[in-house]
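# Coordinates in review
Take a look at the letters that make up each chain.
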Amino acid sequence: MNYNVRHFLELCLRSVCAAVNDLDAEIIVVDNQSTDDSCLMVKSLFPEVVLIENDNNYGFSKGNNIGVEVAKGDYLCILNPDTVVSENTFSSLLKFADQKREIGIVGCRLIDGQGRFLPESKRHIPTPWVAIKKILGWSKTYYASEVNEIDTGPVAVFVGAFMLLKKDIYNAVGGFDEDYFMYGEDIDLSYKILKAGYNNYYVGQSSIIHYKGESTLKDKSYAKRFYGAMQIFYDKHFKSNFIFDTLVWIGIRVARLTSPKDEKQDRITGQYILVSSKQHPSLESALDAPVELITDLKTYNNKTEYILDNNYLDFNSIIEILSKAPKNSSATFKILPKNSNFIIGSNSSKQRGEVLSFVNN
């Protein structure tokens, strides 16, 4: 489901196309009335993709439900447009799902644009008490920390950025509840599938990139939508309790007042290194700085931006490079998508992503 993230969508589609190359699969993009040239890009660069152009912004839940209605496969993968999958993401997770009985949702390890693990990859059911502690800053019981980020195990709740499940199960529980416009619908779907008797599994050996800041800006509008969605979830699934209702009400309003503003992307001012087999002179012009060329990234230097050329590196290698990056390093990363004239990435999951276009020589 896409909304005004044209360049992230292009990168996502290039990764998805590579990942389904040997699978019997279809790719469906649902666009919620984007005002950028997302739809034009899909039509021109990915004519094989099924494009649904909505005449309104219907939100995340309804937008995905519209796409599921036309899907023909036995399995669905709900995927954000600001994600990057590996060439073996779908094949390995489908193999895992086929080996499990009563399988519900399969989730995977999500990392941000700098390779840092995103804890919302695996979560507990946010009972009122768990959610209240999360709202007040105690998030230990909110995330499923009993399953290591690189291990496999049962987990209750997954994030809507990546959900793999059978279409008949999705339909049997009613899909995404359209009372949620954005946020909360993934928790709701995970919980409905658990209540229906299925088992949700986390597979930490499969990693994808989620440029979280592009779709989840931490501002007061976000807080209003997110915690409003939490209130919908409690009203639907938990018995009303005056004390809990009051605490949730207070927590929602505190969060709205204290939620940080969106941060601007910081431009790196140090060294630029291109990981590729050939130099791109137009990059130096766009960056207005010299760009060193290397073919193999073995060490990570501070205050250095690494540009990962997808014409040279496959997506599995790119994700591995990010995953291996020291978490205390000031190195940053951008991706040069195959056959494209821009670099893209994000220096933080709390920031909007950055796109830098250039003219090919």
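Keep in mind the model is a prediction, meaning the values are calculated, not measured. The written sequence of each chain sets the order in which its residues are numbered from 1. Per-residue local features of the predicted model are confined to residues with pLDDT of at least 70, and side-chain atom pairs are confined, for both listing and counting, to 80 or more; whole-chain, interface and lining totals are unaffected and use all residues. Hydrogens and waters are ignored; side-chain quantities use all the structure's heavy atoms.

## Let's talk about the environment of Asp179
Heads up, the rule is: Strands here are runs of E lasting at least two residues and helices are runs of H or I lasting at least four, both read from the DSSP assignment and numbered beginning at the N terminus. Any two residues whose heavy atoms approach within 4.5 Å are treated as being in contact.
With respect to the helices and strands, Asp179 occurs in the loop between helix H6 (167–172) and helix H7 (185–195). For the pair Asp179 and Ser61, spaced 118 residues apart in sequence, the C-alpha to C-alpha distance is 8.1 Å. Residues contacting Asp179, with those up to four places away along its chain left out, are Ile232 and Lys236.

## Points about the side chain of Ser276
Residue placement: Ser276 occurs in the loop between strand S9 (271–275) and helix H11 (281–287). Discounting residues that sit within four places of it in the chain, Ser276 has contacts with Leu293, Ile294, Thr295, Asp309 and Tyr312.

## Observations regarding helix H4 (residues 89–98)
The condition that has to hold: The buried label applies to any residue whose accessible area, calculated with a 1.4 Å probe on protein chains only, is under 20% of its type's maximum; exposed applies above 50%, and partly exposed to all values in between. To obtain the arc, one takes the directions from the helix axis to the C-beta atoms.
Among the residues of H4, those classed as buried are Thr89, Phe90, Leu93, Leu94, Phe96 and Ala97. Within H4, the buried residues cover an arc of 160° as seen down the axis, which keeps them to one side. Away from its buried face, by an angle of more than 90 degrees, H4 presents the exposed residues Lys95 and Asp98. Here the buried face of H4 lies against helix H1 (6–19), strand S3 (75–79), strand S5 (103–111), strand S6 (152–154), strand S7 (162–166) and strand S8 (199–210).

## Side note on the pairing of strand S10 (residues 291–294)
To keep it simple, the criterion reads: DSSP-based pairing: two strands are paired if at least 2 bridges between them are found. Whether a crossover is right-handed depends on one test, that the path from the first strand over the helix to the second runs clockwise when the strands point away from the viewer.
The pairing of S9 with S10 spans four bridges and is classified as parallel. Bridging across to S10, Val275 finds its partner in Ile294. What joins S9 to S10 is H11, and the crossover it makes is right-handed.

## Overview of the nonpolar core
Inside soluble globular proteins, nonpolar side chains tend to come together where they are buried. Filter applied, for reference: Within this scheme, the nonpolar core is defined by two criteria: the residues are buried Ala, Val, Leu, Ile, Met, Phe, Trp, Tyr or Cys, and they are joined through side-chain atoms within 4.5 Å.
Judged by nonpolar contacts, the single largest core of 31 residues is most densely connected at Leu13, Val16, Val106 and Phe162. If you look at the next biggest cluster of nonpolar residues, it comprises 26 residues, including Phe8, Ile111, Tyr300 and Phe342.

## Quick word on H1
How we decide: By definition here, a helix of n residues has an expected span of 1.5 Å times n minus one.
Look at H1: 20 Å from first C-alpha to last across 14 residues, which is about the 20 Å you get at 1.5 Å a residue. Counting buried positions along H1 yields 11 of 14 residues, so the element is predominantly enclosed. Of the residues making up H1, those classed as buried are Arg6, Phe8, Leu9, Glu10, Leu11, Cys12, Leu13, Arg14, Ser15, Val16 and Ala19.

## Focus: the pairing of strand S14 (residues 354–357)
Of the two faces of S14, only the one carrying Glu354 and Leu356 is buried; Val355 and Ser357 on the other face are not. Pairing analysis gives four bridges linking strand S13 (residues 342–345) to S14, with the strands arranged antiparallel. Opposite Phe342, over in S14, you have Ser357 as the bridge partner.

## Overview of the packing of aromatic side chains
So the rule is basically this: Each pair of aromatic rings taken from Phe, Tyr and Trp, with Trp reduced to its six-membered ring, is defined by centres within 6.5 Å and is described as stacked if the planes are under 30 degrees apart, edge-to-face if over 60, and tilted in the remaining cases. Only when the NZ atom of a Lys or the CZ atom of an Arg is both within 6 Å of the ring centre and within 35 degrees of the ring normal do we say a charge sits over the ring.
Scanning the entire structure with this criterion turns up 14 aromatic pairs. On the numbers, 5.7 Å between centres and 70° between planes, the contact of Phe96 with Tyr201 is edge-to-face. Here Phe96, found in helix H4, pairs with Tyr201, found in strand S8; they are 105 residues apart in sequence, far enough to count as distant. Residue Phe96 is classed as buried on the basis of its relative accessible area of 14%. Look at Tyr170 and Phe176: their rings are 5.7 Å apart centre to centre, the planes differ by 90°, and that puts the pair in the edge-to-face class. Across this residue pair, the class does not change: Tyr170 and Phe176 are buried. The structure contains a cluster of three or more aromatic residues connected by ring pairs, namely Tyr191, Phe233, Tyr234 and Phe238. The lysine or arginine in question, Lys62, covers the ring of Tyr58, its NZ or CZ lying 4.3 Å from the ring centre. Lying over the aromatic face of Tyr202, Lys122 brings its terminal NZ or CZ to 5.9 Å of the ring centre.

## Brief notes about the pattern of salt bridges
Heads up, the condition is: The term salt bridge refers to a side-chain nitrogen of Lys or Arg lying within 4 Å of a carboxyl oxygen of Asp or Glu.
Inspection of every chain in the model, using the stated rule, returns 14 salt bridges. Its salt-bridge partner being Arg109, residue Glu149 comes within 2.9 Å of it at the nearest N-O pair. With Glu149 in the loop between helix H5 (128–135) and S6 and Arg109 in strand S5, this pair connects stretches of sequence that are 40 residues apart. Residue Glu149 is classed as partly exposed on the basis of its relative accessible area, which comes to 27%. Note on Arg109: relative accessible area 7%, which makes it buried.

## Some thoughts on unusual backbone geometry
Positive phi outside glycine occurs at Gln33, with the angle close to 60°. The topology assignment puts Gln33 in the loop between strand S1 (28–31) and helix H2 (38–45). With a phi angle near 50°, Glu102 is a residue other than glycine that sits in the positive phi range. Mapped onto the secondary structure, Glu102 falls in the loop between H4 and S5. Residue classification places Glu102 among the partly exposed residues on the basis of a relative accessible area of 45%.

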